[in-house]
Structure formats: structure tokens, C-alpha cells
Amino acid sequence: MAQRVVAIIAALVVAGLVIGPVTAVLWRGGGFTTLSAADLSALQFTVWQAFWSAVISVALAIPVARALARRSFWGRSVLISIMGAPFILPVIVAILGLLSVFGGNGFVNLVLEPLSVPKLDIYGSHGVILAHVFFNLPLAVRLILQGWLAIPSERFRVAASLAAPVFWLLEWPMLRRIVPGAFAVIFVICIGSFAVALTLGGGPKATTVELAIYQAFKFDFDLSKAASLAVVQLCLGLGAGLIALLLARGDMLGAGFDRVVQRWDGSRLLDATWIGLATLFLMAPLLAIFIAGLAGLFDLPIGIWGAASRSFLISLGAVALTMALALPLATKAGEAASLLGLSVSGLVLGTGMFLIVQPYVQPSSVALPVTMLVNVLMALPFVLRILRPGVDSARVDFGRLGQSLGLRGWALWRIVYLPRLRRPMGFAAGLTGALAMGDLGVITLFSRPGQGTLPMAMYQLMGAYQMEAAYGAALLLVMLSLGLFWVFDKGGRAHAVV
């Protein structure tokens, strides 16, 4: 009963943090407005690119995750951590890396030029999808890999001894449970695409709803139109999330003896090919950022370190608050409620929060806490998608046993659930911290000069055409984001039960 009350309170907090700001923007804008033909075109493109970005990301992630799940090699754990880097990279930094590889003067076109092959043009709808696959493939791999590692090794041994088809007997049920949720999360992420569409979209034919909201704020200051588009975006995200939750099924594989999965089936050459191609696709832009940023790392202005410390504090606060909300919300209803935050424009959330606090305090004085809250709402759906399979499995496998031993409430969580959630909790905490570290959104609207975050300082260096220092700041941002992710992820995997 007490757990249900805590879950209801957490769900109300999330709903209030989303509905309150949207209502404030609507109220200040005077209500809803009719969408124009350009807005409807943006809506159509948003759904189209989000669908194909999610389909391609998940389709490529399945063989990569399967190869990582059944192969053990030196450096495997490091490779898995590094492969998650693109998703947690600051968007603007990652786009710079993609342009250096796939851009007009990028590495790929330099290779194609002597072969008389037409140049690859990254701008347009295909560029948006390419960037989304780059960002979301690592997330899909990690989500599906968690499902593969959760299959008890005893099941594979029994299947092999009976010469039973491993894929249809063990892997297909897991994929039916994991893939819809992974697809929905990526679909919702791509619906809210802003920086990618802004830099690679290539005009009105490749404009997303989030970009249309930005234009309504930036050029027209039309709050009514921005809020109307935000509500449309909210309906899209919630619809996709609820459909995925309905399609997802419970774990039907039962419990094992919590041992690491040992695999011997499949082609080693095919697995190595998938791992190699995925590593090359994801690591090449990162390597380009490293080379360009190394020279500017020693030419950073002094103020950059204060900005880095503010980003670090925002990240730690976002991790703590996100995990505090996620554990009681780790149910199907809680996951559905969390989609509210990811489905609404971050620009609308931030603006609405500032409108609410404006009568009482200066908006600039609460820029950092508001940025942290927006990051919590954005990260919560990812965290719950990561935690829920493990929580569901622990409840099904050990819940009744724990209760029969008299374990209730916090004691049940501490002794039974949390030891089995160390691995996904570490990954989720690292993901939250890294995303908050690289966020460049709400902070640009209301922060005071000299009080911004590291991504904002980097953006200002770019605006001042101090590109060498900007690349150095980008490299520092990458190192801090990856370092924060690594610390939490490593801490979760250390001495993990499963």
C-alpha cells in the first residue's frame, strides 16, 4: 500500500511538471490556434522521419546486440561502454563529427572523389535520418542487449541439449518484449528532434514540429502557436508510447541461477562483422572530434571551468532526482506517465516554468534548477525503459518468495530487488548524467552572462568564431560526459548479480 502511495505521488509530480508549464504557455498565449499548411507539413515530416529512424536503428541494433551477447573477447566491456558514446554526446558536438565524416569535405567524399562517384550530400531528410540512427543505434543496442543478457544461461544449455531452435524458443519472445519499447522510445526522441533538423534539415521540406515551435518562439513570439504544436507533439509521443506498452509482453522465461550467459552457437565471422561495422560507424565521428579538439584543449578561457562545474552540478542533481522518481514509477502505468515529459517540447516546458516563477523571482536566478528539472523529465522515459524489464523479472521471480519470508517495503527492495538492478541502474544513472551534462536548450533562453553551462559556453565560442577554443571545449565536454557515464555504468556493473 505504501509503495502504491509513493508511486502515485511520483506520477503526480511528473504530470504537474509537464501539464503546469504547457498550461502556463497556453494561458499567456490566449489559447489554441489553427495550424497552417506549413505546420501540417512539419507534422507529416516529423512522423515520417521518426518512424524510419526508429525502424532502421532497431533493425541494425538486433544483430549487433546479439553478436555482443554471445561473444566474449578482450575489451568487450570497454567497447560496449564506448559504443554508447554517440547517444550521450552533446548533439551539436556530434553533428560536427558527422559533418567531418559525411559532409561535403568529409572523409567519405574524399574517398569517393577519385572513384568519380557523385558526392554524398548529408543535408536533407536522409541526413536527418542518418544523424538519428547515429544517435539512437547505441541506445537500441544497449536496451536489446540487456534483454539478451537477462535470458538465463540454463535455458540455452537445455535448448542445445534438445537441439531446439534457440532463436524461436528463447530469443524471439525476448525481442517481442523489448523491441516495441525500444522502438517507441526512439520514435518519441526523434519526434522531438531540434538541433539535427535545424542543422541538417535543409529547409521547409525537412522541418520538424520542434523546429516549428522554435520558429514560433524565436521569430514570431507566437505562444499560442507554440503551445498548440506542443500539444500535437504530446499526443504523438503519448500515442506511440501507449501502443508500444500495449504490445510489450511480460517475461515468460522464468528465473535462472544468475550466472553469466555462455554461448557457443552462431557464426563468429558474422558476429565480428556486425560488431566491426557498428564500431566503425559510431567511432569515426568521435575520432574526428578528438583530433580537431586536441589542439584547442590547452587554449580554453578561464571561464570555461566555471561553466563545466555548473554543468557537473546539474548532472548530479538530475541523476539523483531521476532515480528517486524512477524506482517508484517502474511499472507499466508509471512508464506511460513518464512519456509526458519526453513528448512535450523542452522549449515549451522551460518557457512555461519561467512564466510560472516569474511573478516571484527573476527567471535568470532559477535558470540552473529549471534546466535540471527539464533534463529530469527528458531522461525519465529512458531510465524507466531500462529499469522496467529488470524490475518486472525480479518481481515475478522473487517477489512472492520475498513476501513469504516476511520482506516488505524497503527491506524487499534492499535485499531482493536492488542487487538485481545494479547493472541497469548504473547504466540509467550514467545516461541521465551524460545527457544533462551536454544539454543545450532551456539554458540559452534565460541564463545570465557568465552563468551558463559548458555547452552554452561552447556555443558562445562558436558564435565568436573562436573555433579552435570551441573544438577544445567540445572535447572537454565529450570527456566529461563520457567520464560521468563511465563512472556510473562501471559502478553498476561492478559486483552485479546479473
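Since we're looking at a predicted model, the values are computed, not measured.

Each value, and the rule that gives it
- Residues numbered from 1 in each chain as written.
- Predicted model: local features only at pLDDT ≥ 70, side-chain atom pairs only at ≥ 80, totals over all residues.
- Heavy atoms only, no water.
- Helix = DSSP H or I, 4+ residues; strand = E, 2+ residues; numbered from the N terminus.
- Rg over C-alpha atoms; globule rule 2.2 N^0.38 Å.
- Buried < 20%, exposed > 50% of the residue type's maximum accessible area, 1.4 Å probe, protein only.
- Contact = heavy atoms within 4.5 Å.
- Areas by Shrake-Rupley, 256 points an atom, 1.4 Å probe, with all protein chains shown as cover.
- Lys, Arg positive; Asp, Glu negative; His and termini not counted.
- Charge placed at Lys NZ, Arg CZ, Asp CG, Glu CD.
- Salt bridge = Lys/Arg side-chain N within 4 Å of Asp/Glu carboxyl O.
- Patch = residues over 30% accessible without salt bridge, like charges linked within 9 Å, V, L, I, M, F, W, Y side chains within 5 Å.
- Domains from an automatic or database assignment.
- Polar contact = N/O pair within 3.5 Å; in protein donor to acceptor, adjacent residues only side chain to side chain.
- Nonpolar A, V, L, I, M, F, W, Y, C, P; charged D, E, K, R; others polar.
- Phe/Tyr/Trp six-rings, centres within 6.5 Å; stacked < 30°, edge-to-face > 60°.
- Lys NZ or Arg CZ within 6 Å of the ring centre and 35° of its normal.
- Core = buried A, V, L, I, M, F, W, Y, C linked by side-chain atoms within 4.5 Å.
- Axes fitted to C-alpha atoms, helices over the stretch in contact; angles between N-to-C directions.
- Parallel < 35°, antiparallel > 145°, perpendicular 65-115°, else oblique.
- Left-handed = near helix turned anticlockwise from the far one by under 90°.

Once that is clear, we can look at the overall build of the protein chain. A count of helices and strands for the protein chain gives 22 helices and 0 strands. Here the C-alpha atoms of the protein chain give a radius of gyration of 23 Å, agreeing with the 23 Å that 2.2 N^0.38 yields for 498 residues. Out of the 498 residues in the protein chain, the part that is buried amounts to 52%. For the protein chain, the proportion of contacts with a sequence separation of at least 24, taken over those separated by at least 6, is 84%. If you sum the accessible surface of the protein chain, you get close to 22000 Å²; carbon and sulfur atoms cover 70% of it. On the protein chain, the mean spot of the 33 positive side-chain charges and the mean spot of the 19 negative ones are 10 Å from each other.

Turning our eyes to something else, we now look at the pattern of salt bridges. Applying the stated criterion across every chain, the model contains 6 salt bridges. Of the charged contacts, one joins glutamate 171 and arginine 66 as a salt bridge, the two residues approaching to 2.9 Å between their closest N and O atoms. One end of the pair, glutamate 171, is in helix H9 (residues 166-191); the other, arginine 66, is in helix H2 (residues 37-70), and 105 residues separate them in sequence. Residue glutamate 171 is classed as buried on the basis of its relative accessible area of 0%. Linking arginine 142 and aspartate 489 is a salt bridge whose minimum nitrogen-to-oxygen distance equals 3.4 Å. In this pair, arginine 142 is assigned in helix H7 (residues 125-149) and aspartate 489 in helix H22 (residues 467-493), connecting sequence segments 347 residues apart. When salt bridges that share partners are traced, they join Arg70, Arg71 and Asp271 into one network.

Where nonpolar side chains cluster on the molecular surface, the patch consists of Trp48, Phe51, Trp52, Ile56 and Leu60 and spans about 440 Å² of accessible area. Within the secondary structure layout, isoleucine 56 lies in helix H2. The exposure class assigned to isoleucine 56 is partly exposed, which follows from its relative accessible area of 31%.

Turning our eyes to something else, we now look at the domain arrangement of the protein chain. Accessible area lost when the parts come together is the quantity often used to give the size of an interface. Segmenting the protein chain into domains produces domain 1 (1-27 + 298-497) and domain 2 (31-296). For domain 1 and domain 2, the distance between their C-alpha centroids amounts to 20 Å. Taken together, the contact pairs 50 residues of domain 1 with 51 residues of domain 2. Summed over the shared surface of domain 1 and domain 2, the number is 1 residue pair in polar contact (both at pLDDT 80 or more). Elements with a contribution of two residues or more to the side of domain 1 that touches domain 2: helix H1 (2-29), helix H15 (332-343), helix H16 (346-357), helix H17 (367-404), helix H19 (422-437), helix H21 (454-463) and H22. Among the elements that make up the side of domain 1 that touches domain 2, the one with the highest residue count is H22 (14 residues). Class assignment for the residues of the side of domain 1 that touches domain 2 results in 31 nonpolar, 8 polar and 11 charged.

Bringing the packing of aromatic side chains into the picture now. Applying the stated criterion across every chain yields a total of 9 aromatic pairs. A ring pair is formed by phenylalanine 51 and tryptophan 52, whose centres lie 5.2 Å apart and whose planes are at 80 degrees; its orientation type is edge-to-face. The class for phenylalanine 51 is partly exposed, based on a relative accessible area of 36%. Where phenylalanine 102 meets phenylalanine 281, the ring centres are 6.3 Å apart and the plane angle is 55 degrees; that geometry is what we call tilted. Of this pair, phenylalanine 102 sits in helix H5 (residues 91-102) while phenylalanine 281 sits in helix H13 (residues 268-294); the two residues are 179 residues apart in sequence, bridging distant segments of the chain. These aromatic residues form a ring-pair network of at least three members: Phe51, Trp52, Phe183 and Phe187. Stacked on the ring of phenylalanine 427, the Lys or Arg arginine 142 has its end atom at 4.0 Å from the ring centre.

Residues Leu68, Leu139, Ile144, Trp148, Ile213 and Ile304 are the most contacted members of the largest nonpolar core, which totals 152 residues. Each of two domains, domain 1 (1-27 + 298-497) and domain 2 (31-296), supplies a minimum of three residues to this core.

Once that is clear, we can look at the packing of helix H14 (residues 303-326) against H17. Look at H14 against H17: their axes get within 8 Å of each other, and the N-to-C directions meet at 45 degrees. Here H14 is positioned oblique relative to H17, judged by the angle of their axes. As for how H14 packs across H17, the hand of that crossing is right-handed. Only Leu368, Thr371, Met372, Leu373, Val376, Ala379, Leu380, Val383, Leu384 and Leu387 of H17 make contact with H14, whose side of the interface consists of Arg310, Ile314, Gly317, Ala318, Leu321, Thr322, Met323, Leu325 and Ala326. When the residues that make up the contact of H14 with H17 are grouped by side-chain class, the tally is 15 nonpolar, 3 polar and 1 charged.

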